[in-house]
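As a plain string of letters, each chain reads:
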2 protein chains.
Amino acid sequence: MFAATRPADRSLAELDTVADIRIPGPHLVATYKAGKEIYAEGDNVDKCYQVVVGAVRVCRLLADGRRQVVSFHLAGEMFGFEAGNKHRFFAEAITETRLGVFGRRPMQEHSRELLDLALLGMARAQEHLLVIGRQCAVERMAAFLMDLSGRLGGLRQVKLPMSRQDIADYLGLTIETVSRVMTKLRERSVIALHDARTIEIRKPDALRQLCN
Amino acid sequence: MFAATRPADRSLAELDTVADIRIPGPHLVATYKAGKEIYAEGDNVDKCYQVVVGAVRVCRLLADGRRQVVSFHLAGEMFGFEAGNKHRFFAEAITETRLGVFGRRPMQEHSRELLDLALLGMARAQEHLLVIGRQCAVERMAAFLMDLSGRLGGLRQVKLPMSRQDIADYLGLTIETVSRVMTKLRERSVIALHDARTIEIRKPDALRQLCN
DNA sequence: CGAGATCTTGACGCGTATCAAGTTCTGTGG
DNA sequence: CCACAGAACTTGATACGCGTCAAGATCTCG
């Protein structure tokens, strides 16, 4: 879709192949309504999940209500593995979501695959760190849109499963700033908004340049 | 040293035990002078390192010179594993540093241990994300000092191996802001500065509260 | 002892947060 | 199918925290 992989290509596209890992064997499939908790902070880490349809957010709340969304997980992606025995974050379904659920035992027999997933999780968190630590609001949104469109298959048209609040808490901004940046990108025709959740990337190159 | 582990304890102390993993077998030991590159962005990922003495920073530069320090690694800690074949970040010795070097083969025989390290790396990056995404300058410094003191053995007196610039680039701030926050914490007697790099934590509880 | 690097401090400006309306979307019941 | 209510989103005015620029102090090391 976009430019072929260049030496300095920063998308995680090459790495996404490892997200295709299928851990075989029988497993549950569970459905969660929008907003429903999948696991809580403090819960035992004894399962691993794969999104079948829908989307998931993994977050932490501070005492005063500030929230950080640490990651989003889309169809095909796995989550729920963490260091230690207890979850340090909680996970919620964003939209109505179906998840494949793996027990701890079957996962332990696949520590090689799990290693790749953990390394991918680390890479994602580190890329995210760079975005939040050193980029301004427009750059953050651009990085977010590029990442999302890549993970959704490189389509120009992206249907956002998450709200402005989710995006804001993911990018370390406020909803108002997210909204203003969207407007600015629309005014520059970098994107088009069919409705608030349906984004068309009109100038992928401009968007990529904004990410650095 | 500080309070015993509470239910909601957010330090990564419990997890640090996994950082004690020793991958046995013969390996090189290499010495790097302060500022020396250990691996570059784009280099093949074919080694893994353990800090014997000294300290390491792992970073990325943006085109315009902005830098994000993604992680620091202190004595005993391992680094150098990444998703994919190429390093997406570069690593440098902060002070004169001695590293144990492991080849790819010996590491692959320890994917179980490597999994724990990757999960710890992911956890650290995610905690860092929360700090940078949702906390103000004082809170960031407090979180940094708590983390560092914990990793250095929970001592009250901390000798910083890194410069203000390193700290600023780690926390998504500027050197001036880091300096001002240090001064403010000193004025409140939360810390004492024997010299710019030697910090005594005078009020650990106050510091912990600042982290949320 | 001197020179460059590192750190601190001050004055000012900018980008994003905050506060406050107003508008549009979504889903539900009539 | 329409009416309505609440949620979600947008937009504007203002405030404030941190960045920027500039100068000066302190540290480090040859």
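The name given to chain A in an unreviewed UniProt entry is CRP/FNR family nitrogen fixation transcriptional regulator, and the organism recorded there is Mycoplana dimorpha.

Right, let's get into the sheet that holds strand E7 (residues 90–93) of chain A. With antiparallel pairing, four strands are arranged side by side in an open sheet as E2-E7-E4-E5 (chain A). For this open sheet the edge positions go to strand E2 (37–39) and strand E5 (67–73) of chain A, each flanked by a neighbour on one side alone. Neighbour to neighbour, the strand axes of the sheet diverge by 35° on average, direction disregarded. Here strand E4 (residues 56–61) of chain A pairs with E7(A) via four bridges, running antiparallel. Within the sheet, the bridge partner assigned to A:Arg57 lies in E7(A) and is A:Glu92. Packing of helix H2 (residues 111–134) of chain B onto the sheet brings it into contact with E4 and E5 of chain A, and relative to E5(A) it is tilted by some 130°.

We now examine the protein's contact with DNA strand D. Close contacts around DNA strand D come from 17 residues, with A:Arg164, A:Ser179, A:Thr183, A:Arg197 and B:Thr177 the closest. Restricting the count to atoms of DNA strand D within 4 Å of the protein gives a sugar and phosphate share of 66%. Residue assignment for the surface near DNA strand D shows that the elements contributing at least two residues are helix H5 (175–187) of chain A together with helix H5 (175–187) of chain B. Looking at the surface near DNA strand D element by element, the count peaks at five residues for H5(A). Of the residues assigned to the surface near DNA strand D, the class counts are four nonpolar, six polar and seven charged.

What follows is about the relation of the copies chain B and chain A. Least-squares fitting of chain B to chain A yields an RMSD of 0.0 Å, with the transformation described by 0.0 Å of translation along the axis and a rotation of 180°. Here the copies are linked by what is in effect a two-fold axis. Using C-alpha coordinates, one finds that chain B approaches the rotation axis most closely at B:Met122, a distance of 2.0 Å. The share of interface residues of chain B whose copies in chain A are also at the interface is 100%, consistent with both copies meeting through the same surface.

Rules of the game
- Residues numbered from 1 in each chain as written.
- Chains lettered and ligands numbered in written order.
- Predicted model: local features only at pLDDT ≥ 70, side-chain atom pairs only at ≥ 80, totals over all residues.
- Heavy atoms only, no water.
- Pairing = 2+ DSSP bridges.
- Helix = DSSP H or I, 4+ residues; strand = E, 2+ residues; numbered from the N terminus.
- Axes fitted to C-alpha atoms, helices over the stretch in contact; angles between N-to-C directions.
- Contact = heavy atoms within 4.5 Å.
- Near = heavy atom within 4 Å.
- Nonpolar A, V, L, I, M, F, W, Y, C, P; charged D, E, K, R; others polar.
- Least-squares fit on C-alpha atoms with pLDDT ≥ 70 in both.

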